[in-house]
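Close look at the chain arrangement
Listed here are the chains, written in short residue letters.
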Amino acid sequence: MELYIFDRNLNFQGILEGFFSLRWIRRYSKCGEFELHCSLTPETIELLKRENIIWKKGNLEAGYIEYRNLKQDVEGKEVLVIKGKFLTGYLNRRIIWGIENLNTTAELAIRGLVNNHAINPTDTDRTIDLLTLGSIKNYTQSVNYQTSYSNLLDEVESIANANELGIRTLIDIQNKQMIFDIYEGTNRTAGQSVNAPAIFSKEFENILEQEYTDSLNNYRNVVLVAGEGEGSARELVTVGQGIGLDRFEMFVDARDLQSTIYEDGGETNIPSEQYREMLKNRGMSKLSEYKEIQTFDSKINLRSNLTYKHDFDLGDIVTCTSKKWGITIDTRITEVEEVYEESGKQINVVFGNNIPTLIDVIKREVR
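These figures come from a predicted structure and were not determined experimentally. (Residues numbered from 1 in each chain as written. Predicted model: local features only at pLDDT ≥ 70, side-chain atom pairs only at ≥ 80, totals over all residues. Heavy atoms only, no water.)

A few words now on the pattern of salt bridges. Side chains that differ in sign of charge can pair as their charged atoms come close. Applying the stated criterion across every chain, the model contains 24 salt bridges. Ionic pairing is found between Lys-49 and Glu-46, a salt bridge with its closest N-O pair at 2.9 Å. The salt bridge partner of Arg-168 is Asp-181, with a shortest N-O separation of 2.9 Å. Taken together, the residues Arg-168 in strand 11 (residues 166–172) and Asp-181 in strand 12 (residues 177–183) connect sequence positions 13 residues apart. Considered together, Arg-168 and Asp-181 belong to a single accessibility category, that of buried residues. In this structure, a network of salt bridges that share partners links the residues Arg-8, Glu-51 and Arg-93. (Salt bridge = Lys/Arg side-chain N within 4 Å of Asp/Glu carboxyl O. Helix = DSSP H or I, 4+ residues; strand = E, 2+ residues; numbered from the N terminus. Buried < 20%, exposed > 50% of the residue type's maximum accessible area, 1.4 Å probe, protein only.)

The following block contains the structure:
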């Protein structure tokens with residue numbers, strides 16, 4: 001496999017023809033990442049500079065280099081280790097500069113945030129060159145949302161995750177553009193009849209290894225959201241439902257949501273009902289971060305009846321089943337790890353909501 005290298009203005013720099021290993025991790029509602037190991041030579045050091053962009057020919061996405069490590073292994077072989085994020089990771093370099101009131105669809109809310117803080121910001125120093133918006137798909141999920149001064153990528157990922165939308169940044173080499181795109185996966189479950197179903201099972205021999213996780217760790221289904229005000233006058237709303245031991249409660253301090261906004265010397269008052277809807281949306285967004293964990297982590301058989309990117313792809317909703325374990329679930333493909341090594345290619349797929357990482361937990365605690 002050849003890897004094409006560009007600078008961050010998408011000017012061609014060269015081709016990396018050989019490497020020891022490449023992990024290419026695609027994620028549905030979050031930014032993907034990659035890790036590359038190759039020979040340490042003057043040529044690779046020059047070619048694989050920080051901020052340069054790596055593209056696998058035929059792929060929609062690319063990634064930029066943000067980490068390099070030069071080392072010598074136990075056998076004395078010198079290795080260059082490269083790590084980076086997919087192009088959507090550029091949004092991590094921006095914050096929500098001011099207050100954004102988003103009472104619209106989730107798609108338009110995300111597009112508005114990206115446009116206002118990365119593509120066409122008031123301060124042109126904040127513009128991310130070459131970044132543009134893809135076509136509008138007219139998805140109907142709605143939000144009533146207020147956010148301020150938080151990380152742009154975190155907010156975009158949060159809205160996408162809560163509304164089961166995919167985000168990605170496509171690369172257009174010919175026109176030197178990076179196209180921020182919002183999309184939905186295809187329903188390929190066994191119970192629908194529109195698309196060819198994708199059913200994953202050891203019994204069908206399209207899974208080499210399978211691991212099922214079913215967990216209530218950190219699960220919550222009822223949230224008390226507290227907005228502005230003090231004591232008994234504080235605005236409170238409850239989101240979600242549950243009874244007895246099936247009720248898992250949490251509290252969210254949403255004091256940052258204010259019904260009176262002061263901007264540019266003026267004052268804007270948000271109606272009471274709209275303000276309560278904003279609090280409810282904050283609660284639903286938080287609950288989306290505390291879902292039940294149900295995952296089938298699987299190593300895909302590349303010589304089976306289902307072909308990657310043809311019969312199934314990232315974001316698709318598919319059916320996973322194990323007759324031996326007595327488990328069948330319809331679930332979304334939330335992550336695909338492509339592994340390229342000298343011994344061959346491997347595809348590892350996460351079906352469903354994965355267990356939060358430590359970084360995920362820290363991020364949702366500070367938001």
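Here we take up the side chain of Arg-94. Along the chain, Arg-94 turns up in the loop between strand 7 (78–86) and strand 8 (99–105). No salt bridge is formed by the buried Arg-94, whose closest oppositely charged neighbour, Asp-129, lies at an N-O distance of 7.9 Å. A polar contact is formed between the side chain of Arg-94 and the backbone oxygen of Arg-126, at a distance of 2.7 Å. In this structure Arg-94 touches His-117, Asp-125, Arg-126, Thr-127, Ile-128, Asn-151 and Leu-152, once residues within four positions along its chain are discounted. (Lys, Arg positive; Asp, Glu negative; His and termini not counted. Polar contact = N/O pair within 3.5 Å; in protein donor to acceptor, adjacent residues only side chain to side chain. Contact = heavy atoms within 4.5 Å.)

Glancing now at the nonpolar core. Grouped together as the largest cluster of nonpolar side chains are 74 residues, with contacts concentrated most on Leu-48, Ile-54 and Phe-200. Considering every element that reaches this core, the biggest residue donor is helix 2 (residues 106–119), with 7 residues. In terms of nonpolar packing, the next biggest core, distinct from the first, is built from 15 residues, Val-225, Val-239, Leu-279 and Leu-287 among them. (Core = buried A, V, L, I, M, F, W, Y, C linked by side-chain atoms within 4.5 Å.)

As a further point, take the packing of aromatic side chains. On inspection of all chains with the given rule, the structure shows 14 aromatic pairs. Their ring planes at 50° and their centres at 4.9 Å tell us that Phe-200 and Phe-351 sit as a pair that is tilted. Here the residue Phe-200 occupies a position in strand 13 (residues 199–200), and Phe-351 occupies one in strand 23 (residues 344–352), the gap between them amounting to 151 residues. Phe-351 matches Phe-200 in its accessibility class, with the two residues each being buried. By the ring-pair criterion, three or more aromatic residues cluster together here, those being Tyr-4, Phe-6, Phe-12 and Trp-55. The ring of Phe-20 is capped by Lys-77, whose NZ or CZ atom sits 4.3 Å from the centre of that ring. (Phe/Tyr/Trp six-rings, centres within 6.5 Å; stacked < 30°, edge-to-face > 60°. Lys NZ or Arg CZ within 6 Å of the ring centre and 35° of its normal.)

Where helix 2 meets helix 3 (residues 152–162), the axes come as close as 10 Å, and the angle between the chain directions of the two elements is 170°. Classed by the angle they form, the pair helix 2 and helix 3 counts as roughly antiparallel. Each of Ala-106, Ala-109, Ile-110, Leu-113, Val-114, His-117 and Ala-118 in helix 2 lies in contact with helix 3, whose residues at this interface are Leu-152, Glu-155, Val-156, Ile-159 and Ala-160. Tallied by class, the residues present in the contact of helix 2 with helix 3 amount to 10 nonpolar, 1 polar and 1 charged. (Axes fitted to C-alpha atoms, helices over the stretch in contact; angles between N-to-C directions. Parallel < 35°, antiparallel > 145°, perpendicular 65-115°, else oblique. Nonpolar A, V, L, I, M, F, W, Y, C, P; charged D, E, K, R; others polar.)

Now for the sheet that holds strand 16 (residues 236–240). Reading across from one edge, 16-15-17 is the order of the 3 strands in this open sheet, with mixed pairing throughout. Both edges of this open sheet fall to strand 16 and strand 17 (249–253), since each of them pairs with a single strand only. Across the sheet, the mean angle from the axis of one strand to that of its neighbour is 20°, orientation sign disregarded. Where strand 15 (residues 222–226) lies against strand 17, 5 bridges are found, and the strand directions are parallel. If you follow Val-225 over to strand 17, its bridge partner there is Val-252. With respect to the sheet, helix 4 (residues 272–287) is in contact with strand 15, strand 16 and strand 17, its orientation differing from that of strand 16 by roughly 40°. (Pairing = 2+ DSSP bridges.)

This part covers the sheet that holds strand 12. The mixed open sheet is built from 3 strands, whose spatial order is 9-12-11. The sheet terminates laterally at strand 9 (131–133) and strand 11, the two strands that pair on one side only. Looking at each pair of strands side by side, their axes are set apart by 30° on average, direction ignored. When strand 9 meets strand 12, the two strands line up parallel, connected through 3 bridges. Across the sheet, residue Leu-131 finds its bridge partner in strand 12, namely Met-178.

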